[in-house]
Each structure stands twice: as C-alpha cells, then as structure tokens.
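Listed below, chain by chain, are the residues.
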Amino acid sequence: MTLSLRSCLLATACVASMLALPGFTRADDLNVVLSAPLRSLDATTSTARITRTHGFMVYDTLLGLDGDMKVQPEMASYAVSDDNLVYTFTLRDGLTFHDGTPVTAADCIASLKRWADHDGAGGKMMGFVKSMDASSDKEFTITLSAPFGQLPDLLAKPSPIPAFILPKRLAETPKGEQITDMTGSGPFMFVADEFQPGVRAVYEKFDGYVPRDEPASGNAGGKVVHFDRVIWEVMPDIQTAINALRAGDVDYLESLPTDLVPLVEMSDTIDYGVIKPVGSQVTGQFNHLLPPFDDVDVRRAAMYALDQEQILMTAIGNPKYFTLCASIYGCSVPLASEAGSEYLNGSADERMAKAKEILAASDYDGTPVLMLQPTDIAVLQAPPIVAAERLREAGFNVEVASMDWATLSSRRTSMEPVADGGWNMFFTFWGVEGIWNPLSSVLIDGTGDPSAWSGWRKSDEVEALRAAYVAAPTFEEQKAAATQIQQLVYDQAFYFNGGEFMSLSAWSADLDGIVPGMVNQFWGIHR
Amino acid sequence: MIHYFVKRLLMAIPVMFFVAVFVFLLLRLTPGDPAIIIAGDQATQAQLETIRENLGLDEPLLGQFVTWMGNLMRGDFGVSLISQKPVLTLIGQRIGPTLSLALAAMSLTLFFALPLGVMAAWRHGKLLDRAVMIFSVLGFSVPVFVTGYVLISVFAVNLQLLPVQGYRPLSEGLVPFLQRIFLPALALASIYIALVSRMTRASMLEILQEDYVRTARAKGLNESVVLFRHALRNAAIPILTIVGTGFAMLISGVVVTESVFNIPGLGRLVVDAVLARDYPLIQAIILLTAGIYVLINLLIDLSYALTDPRVRYQ
C-alpha cells in the first residue's frame, strides 16, 4: 500500500473543507459569557451575584431603582397614607407568570414574606409591618406599626436579595429550602432542560411579558427584549473567552480583566467599557472578637498603615478603573460623604508614621495577626500580601495563610481563637449595590451578634444611628444619620475601606442598547 | 477466562468501599462549607445555619455517612447540594464530552504514535529516529495548555479553519463534532503521542534483536510484514499497558484541556464541585473514576491474553 503526495494533499483538502467553519451562532441568540458559574438557582435565598442576575431574568419586582438610584414603579405603583403607616400597592395590567396564571396580590404578599425571611433588611422591615392584606386581586396594603420610610427603597433594592415576586405556591416553600421551579413573571423564561450547572443556562423571551412604557433605566422602566434566546456560558479561561469574542462565537463578556484590555483594543469588532454604573468596594475585615483587633486603637493603627491606592494598584493595576474615596456606601451613591476621610488621607509615608505612633501608644503586645489570603480570586490575591507588608512595617507581627476562597469563606464564619480555626483579618469586595445604605450593608451591623456577618462589630452608637436612619422620614435626615454612622465606622475602625473599582465588560461592536444597571441585564440590548 | 473476570470484578467491591470511606472522610475533614456557596458571601450566620440545617449538614458525621452509604446501596448517589440536581444526571451531562475527548485523543495517539515508534526503531540511530525522539521530548515537555493556545492561535484565530472553543455532541452531526473535538484532542494527544511512540520504539528495538525476526527477514518476508505482523505484535504488551493507563489518565486528567477549549466535561465538573464543596457530587465522581481505573486495569490484563497466546488466566 502506497500513498502518493497528491492523494495525501487531496485527503487533507477534503478534511479541511469538511471542517471549514460555518457560522456558529444564531442571529436571534445573544451569547453571553458570565464571570461566575450559575449553580444555585434560588434567587430568593442566595446573595450570590450570579444568582441575583439570574433572578432579574426570570422574576420582576414591585418597584425598581432607576439609573439615578431613584425608586420607580415596576410591577406596581404605590401610594402612602398621610400618617405614613399604610402603603397601598396596585399591580399594573397584563402581569402574568410564565405558566400563564395572572400575578395577584396574594402572590405578592407571599413573596414578600419569603423575601423578608431571607433578606436581613427585609427582616428588619417586617419588624415594622403590622399586616399585609389583599383588598382585591390587583391591590394590597402594607400596614405599619410605626413609620418606616425605607420601605419603597427596600422593595426596589437590587441587592443582596431583591424582593422578587413569584407564584404563591412557590413563595410558600419552607424557609431555607431551595426553590427549583423557576416560574416567575420576568421578561425571560428559564429553560430548565438546557441548564447545565456551572456551564450553561438558557433563557427564552417570555412572550407574555408586557413591558412598561417608560424607557429602561437601571432596574426600572420598560424591559423590552429583542433576542429570542439569551444563552449564558461560563468559560473558566478568560483568554479562551476573549478568543471566542474575537471569533464571533460569543457576543458579550461580563468581565474583562484590565490587563487584557490591549488584546481587545486590537480588534475592530469588539467594544469595551464600564456598564455597571457603580463599582465594587474592597474591604479589609478585622475580627473584633480576637486579639489584637479586639482593641480599637490597634484597629486604628492598622487602618492608618493600609493605603487605598496601594491596595487598588496591586488589585486592579490601572488607576483609570478605580476611585479612592471615604464613603462606606460607595463613591457615587446619594448617601456618599467624606466623613471619616481623615483616616484615609495623606501620603503612604505619612500614614505609616501615624500608624507606628498609634500602635506604639496602644497595648499591642506582638500578638500575631493571621491574614487569610484567597488564591483563586484574582482581585483578592494581592491585597493581603501588600497589607501584610504594610502592617509588618508598622510593627505588627503578621502571618499570611493562603487558601482557596471556599476555605476562606468557611473560616471567616469561625468565632474561635486562631489556633482553633479562627482568623484576624481578610480582604473581600462588595458590589456597591449591596452596601449603598446603612440598612442594606451587613458591614456596619454593630450588634456584635453571633448571627451577624463576619467580624462581629459591636457599637451601640452605630445601632442607635441605624435605627434613626430607618425612622428618618426625609432624605436629608437619612443622609445626616448615614454620615454620622460613617464617621463612627471610621472612629471605631469597623473595617478598612480599600476604595472602589469599576468592572469592565466587552461586547461585539454590532450590539447596541446595552442598559447600564447594578446587575447585568439583557433587555434593551439589540444588534 | 470468565471465572477470572468475575473474580476480579468481585475483588473490586472492597476496593470501591474503601475509596468511598476515604473520600467521605477526606471531604468532611477539608475546610469549606457548601452553605456559603449557596447563600453567597453576604449571607449572615443565621442564614447559613438555616441552609445547613436544611441540607442535613448539621447532623453528626456518622449519621451522614450511614445515610449516604444506605442510599448508595440502593443506587441512589444523591442530589447536588448546590444545584439540587441528581448527581448522576450531572455526571451524565458531562461524561460524554470527556469520553469523546479521551477517545479522540487516544485515536490520534495510536494513529501517529505506533507508526512513528515502529519507524524510529526500524531506522534506529538514523535521521528519522532522531526526529521522532526530538518530537517525543518536545511533546512531553510542552505543557498541554501551551500546545492548546498555539493550536487555537494558528488554526482558529488566524486561519479560522476551526472553532476557538466549545463542544457539540455527535448527535448534532459528525462535522460539528469533529470541528470542535479535533484541536483539543490534538493538544491532549501531543503528550501521549510522545509517550507511546517512545514506548513503542523501545519495545520494538528489543524485539527486533530477536532470532525469529532475523529468521523472518531471512525468509525474504516484506519488511512491513516483519515490522507490523511479527515484531509489533510481540512488542504489544508494554504498549497496551501504557495505552490503557493513559486512557484512564486521560479521563481523569483532562481538566486543563477542557478549560482551554471550554469543553463542559467531567474535569471541569470535578473542579467546580471541589471549589463549591459539593460533597455528593465529588464523592460520586471519585467513585466513578476509581471504577474506571479498576475496569481499565482489568481490560488491560485481559487484552494480554488476546495479544500473547502464552498468557492464559484461570
């Protein structure tokens, strides 16, 4: 048996032509690569950002936050009684669930109860609620025992758990049990048969969805869908994702690392930019229960030793995509203020001198600080190393323990001593949409309660001010309370505010109509 | 032979049991909490406790083990803690791409490595032999992700002959399947081509010194008949061993290739499951992988008898 050169070339040509590329995507599909895998579907119990984004696909909310972070009607409009004790909600026409049943007031009440069971701020709101009653299929009232001006904001908030409306039969699932039936009334229907956890989620346009007439803005306004299907994929390798975008396999990358921007800039067919109007705040958390950070002076010394710019330069790299600010609620939100900025201002050297001075005057006895470092979250890999060096320079004895994020997430819940699996400090980051007011932010919980978020800060003054914030009827009064809280958070060194960074996205240049919002949203967008 | 086969299968039961116990204990002793993955980073302690209670993670370790083993005996591998889907469904979704990739890579390996190894041995010390050895060292030394990126850059991004990434099952057509499996299979095969061609060469060099090879040549047999019918068959046992274990390694070690080419296979599933501390899923995958190793080792042993008439099992 012999093969001539000609027959070899012919065979190669045949194989090449057989494999030659046809188009890979359907024109009526939007192919999206998200930065995290969707595994858990229950957006009524999970605070995970990806699950929340999934929630906004399949569910709708009674109220929404527009691009200026103002509350707008979404599924319902509302009116408040003169004494601020009765809120009456009226559902708009044409609302149906994906199974064809109409959305009723009873569904809304059941959904709000489930939401309040799982969302911290929602639970707080329920402390003010005397009753929730349906006066008809389209109207219900929430009667309060005392004025609670935050009610509309909470029903509109996009994070950590939005007040999604789902059918009563699903909303009555026992507390803590995950919902797996994804029937909602949002603009997209979840295609359960095509769901591969961690790999792929498919959404189809819900033909029964009636968008509002107003233009889309933030999470509010008309959610007009232009694609028949939106397909979420996860690509564990960002280089592969960029190659896929360049080749036209996918249309949109949720997350583009700043160091890979040059790759995208080389292409004429790709646009990139900041879609999410608010960024993410990097925070260094102190464990207030254990020495040495059970001492406020030691925490203050640590806060002075750390430097926002150094932290963000190592984490993000490009100053174009981060902002240094004192606001604990995010740099560009309505409650932002400069209170407490004296703890962050000054050059790195000046701050270090101050840190040394405070630490020397404190009771710090050289107790080691155990700094947890996650190795699998790119943004959080460097800050603990930089912080550890700065703290050492200030006089702290610091040990760094490297681990994966899952291990860190588990360890940060431990209230035990370091030797028994506890911790002293770690870094994390928060989407501003989750910390933009004193009620939503778990970081300024000053109860010291074991059930609070890690760190277990204790401050009766902060708790009193949070109560004042909740009771404040006007924005001016709310902002005054929020500003005082911020000052106290710095005075008592609740945690280190590492500044805010913006997330970049990249998309095919033939896409238009992307609606900036606090979560990725796929209405409005079209080719 | 059948008696031997059944005996070996029965011997696998205690092996699998010890694997199950080991995996269960190892996972429970590893730090991490699936409740946090479900609830998200902003969840408070109170929310986490509710979820742990709901998933039964607050029960004593022995109770959890007994429940799991009891279900396992009934063929129930459990439900993923995170996605709430049956773990066998999840594995079923992912095993196809991995098996396809492993089979394609092994086919390419055999297609290239056997002739290369035989030719290198035949031309021992000559240019061809040296070329094969250089390729072999290169293939074994270059990490698979580098080979993958180079292949993507050349064939997908620049020449646009093949897709950059993704997977299509065979059920969607042969052409889409081949389009997407070819580059990852080639990247993955590069290491095994190097390994198997080297092994084939070494084995063939030994056999080619045997008297019966000289006799076959003296009888005037065609060189290809001498090489492939007489020599290669007798050199097959070490090659079969390396191919068999290589196939098992392919199935359990394709995670890098799956990530670079975005193939939704078992490798990525196990990494995701480990990062999420999805205990039932990890346990099932490890049991499955252990089962594959046991089965492949058995098949390798049986194949010895098929290739070498002197080997017989009682």
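Residues numbered from 1 in each chain as written. Chains lettered and ligands numbered in written order. Predicted model: local features only at pLDDT ≥ 70, side-chain atom pairs only at ≥ 80, totals over all residues. Heavy atoms only, no water.

Trainee: Would you mind showing me how to read the overall build of chain A here?
Mentor: Secondary structure assignment for chain A yields 15 helices and 21 strands. In terms of overall dimensions, chain A has C-alpha extents of about 85 × 75 × 40 Å along its principal axes. Taken over 527 residues, chain A has a buried fraction of 59%. Considering only residue pairs separated by 6 or more positions, chain A has 73% of its internal contacts joining residues 24 or more positions apart. With an accessible surface of roughly 19200 Å², chain A has 53% of that area assigned to carbon and sulfur atoms. Between the averaged position of the 38 positive side-chain charges in chain A and that of its 68 negative side-chain charges there is a distance of 2 Å. (Helix = DSSP H or I, 4+ residues; strand = E, 2+ residues; numbered from the N terminus. Buried < 20%, exposed > 50% of the residue type's maximum accessible area, 1.4 Å probe, protein only. Contact = heavy atoms within 4.5 Å. Areas by Shrake-Rupley, 256 points an atom, 1.4 Å probe, with all protein chains shown as cover. Lys, Arg positive; Asp, Glu negative; His and termini not counted. Charge placed at Lys NZ, Arg CZ, Asp CG, Glu CD.)

Trainee: Would you mind going over the overall build of chain B with me for this structure?
Mentor: Of the regular secondary structure elements, chain B holds 14 helices and zero strands. Reading chain B from its N terminus to its C terminus gives the helix and strand order α-α-α-α-α-α-α-α-α-α-α-α-α-α. Dimensions of chain B along its principal axes, counting C-alpha atoms only, are 85 × 55 × 35 Å. The burial tally for chain B puts 49% of its 314 residues in the buried class.

Trainee: When you look at the environment of Glu477 of chain A in this model, what are you seeing that I'm missing?
Mentor: All names here are of chain A. Relative to the assigned elements, Glu477 resides in helix α15 (residues 475-491). Given a relative accessible area of 41%, Glu477 falls into the partly exposed group. Here Thr474 takes part through its side chain, which lies 2.8 Å from a polar atom of the side chain of Glu477. (Polar contact = N/O pair within 3.5 Å; in protein donor to acceptor, adjacent residues only side chain to side chain.)

Trainee: Where do I start with the interface of chain B and chain A in this structure?
Mentor: Frequently, the measure chosen for interface size is the accessible area that the parts lose on association. Contact with chain B, which involves 52 residues of that partner, is made by 58 residues of chain A. Summing both partners gives a buried area of about 4500 Å² for chain B against chain A, and 54% of it is carried by carbon and sulfur. In this structure, the connection of chain B to chain A is made through two salt bridges. When the shortest N-O distance is used, the salt bridge between Asp404 of chain A and Arg277 of chain B registers 3.2 Å. Across the contact surface, chain B and chain A share 16 residue pairs in polar contact (both at pLDDT 80 or more). Elements represented by at least two residues in the side of chain B that touches chain A include exactly α2 (34-39), α3 (45-55), α5 (87-122), α7 (144-158), α8 (174-207), α12 (255-260) and α13 (266-276) of chain B. Examining the composition of the side of chain B that touches chain A, we find that nine residues originate from one element, α3 of chain B, more than from any other. Partitioned by chemical class, the residues of the side of chain B that touches chain A number 26 nonpolar, 16 polar and ten charged. (Buried area = accessible area lost by both parts, 1.4 Å probe. Salt bridge = Lys/Arg side-chain N within 4 Å of Asp/Glu carboxyl O. Nonpolar A, V, L, I, M, F, W, Y, C, P; charged D, E, K, R; others polar.)

Trainee: I'm lost on the sheet that holds strand β13 (residues 252-253) of chain A in this one. Help?
Mentor: Either a parallel or an antiparallel arrangement is found when strands of a sheet pair, and the pairing is made through backbone hydrogen bonds. All names here are of chain A. Spatially, seven strands are ordered β10-β11-β12-β1-β13-β21-β14 in an open sheet, and the strand pairing comes out mixed. With partners counted over all chains shown, the strands left at the sheet margins are β10 (188-190) and β14 (270-274), one partner each. Relative to strand β11 (residues 200-205), β10 is paired through three bridges, and the arrangement is antiparallel. Counted as the bridge partner of Phe190 is Tyr203 from β11. (Pairing = 2+ DSSP bridges.)

Trainee: It is not clear to me how the domain arrangement of chain A should be interpreted in this structure. Could you clarify?
Mentor: Residues and elements named next belong to chain A. On domain assignment, one finds that chain A holds domain 1 (1-34 + 191-276 + 504-527), domain 2 (63-171) and domain 3 (280-501). For domain 2 versus domain 3, the separation of C-alpha centres amounts to 33 Å. The interface is formed by 14 residues belonging to domain 2 together with twelve residues belonging to domain 3. Counting the surface lost from both domain 2 and domain 3, the interface buries some 1200 Å², and carbon and sulfur atoms represent 64% of this. (Domains from an automatic or database assignment.)

Trainee: Help me out: how do you make sense of the domain arrangement of chain B in this one?
Mentor: Residues and elements named next belong to chain B. Domain assignment breaks chain B into domain 1 (21-87) and domain 2 (95-307). Computed from C-alpha atoms alone, the centre-to-centre distance between domain 1 and domain 2 is 37 Å. In this complex, domain 1 contributes 19 residues to the contact, which on the side of domain 2 involves twelve residues. Summing the contributions of domain 1 and of domain 2, the shared interface buries around 1400 Å²; its carbon and sulfur component is 71%. Across the domain 1-domain 2 interface, the total number found is zero salt bridges. Put simply, domain 1 and domain 2 have four residue pairs in polar contact (both at pLDDT 80 or more) between them. Per-element accounting of the side of domain 1 that touches domain 2 gives the leading share, four residues, to helix α1 (residues 2-29). Of the residues contributing to the side of domain 1 that touches domain 2, the split by class is 14 nonpolar, three polar and two charged.

Trainee: Even after reading the chapter, I still don't get the packing of helix α9 (residues 296-305) of chain A against helix α12 (residues 378-394) of chain A, so can you show me in this structure?
Mentor: Helix-helix packing is characterised by the crossing angle of the two axes and by the distance between the axes. All names here are of chain A. At a minimum axis separation of 9 Å, α9 and α12 run at an interaxial angle of 120 degrees. The orientation of α9 relative to α12 falls into the category oblique. The two elements α9 and α12 cross, and the hand of that crossing is right-handed. Side by side, α9 and α12 meet where Ala302, Tyr304 and Ala305 of the first sit next to Arg390, Leu391 and Ala394 of the second. Of the residues that constitute the contact of α9 with α12, the class distribution is five nonpolar, no polar and one charged. (Axes fitted to C-alpha atoms, helices over the stretch in contact; angles between N-to-C directions. Parallel < 35°, antiparallel > 145°, perpendicular 65-115°, else oblique. Left-handed = near helix turned anticlockwise from the far one by under 90°.)

Trainee: What's the story with the pattern of salt bridges in this structure? I'm lost.
Mentor: It is possible for side chains bearing opposite charge to pair when their charged atoms get close. Residue and element names in this part refer to chain A. Across all of its chains, the model carries 29 salt bridges over all chains by this definition. Measuring nitrogen to oxygen at the nearest pair gives 3.3 Å for the salt bridge that ties Arg52 to Glu433. Remark: Glu433 occurs in the loop between β19 (425-431) and α14 (460-471) and Arg52 occurs in helix α2 (residues 49-58); sequence separation between them is 381 residues. Residue Arg52 shares its accessibility class with Glu433, and that shared class is buried. For Asp251, the salt bridge is made with Arg527, and the minimal N-O distance between the two is 3.1 Å. With Asp251 in the loop between α7 (238-247) and β13 and Arg527 in the segment after β21 (504-508), this residue pair connects regions lying 276 residues apart in the sequence. A relative accessible area of 4% means that Asp251 is categorised as buried.

Trainee: Please explain the packing of aromatic side chains as it appears in this structure.
Mentor: All names here are of chain A. Considering all chains together, one arrives at 29 aromatic pairs over all chains under this definition. Here Tyr304 and Tyr343 contribute two aromatic rings whose centre-to-centre distance is 5.7 Å and whose plane-to-plane angle is 45 degrees, an arrangement assigned as tilted. Of this pair, Tyr304 sits in helix α9 while Tyr343 sits in the loop between β16 (322-323) and α11 (348-361), placing them 39 residues apart in sequence. When sorted by exposure, Tyr304 lands in the same class as Tyr343, which is buried. (Phe/Tyr/Trp six-rings, centres within 6.5 Å; stacked < 30°, edge-to-face > 60°.)

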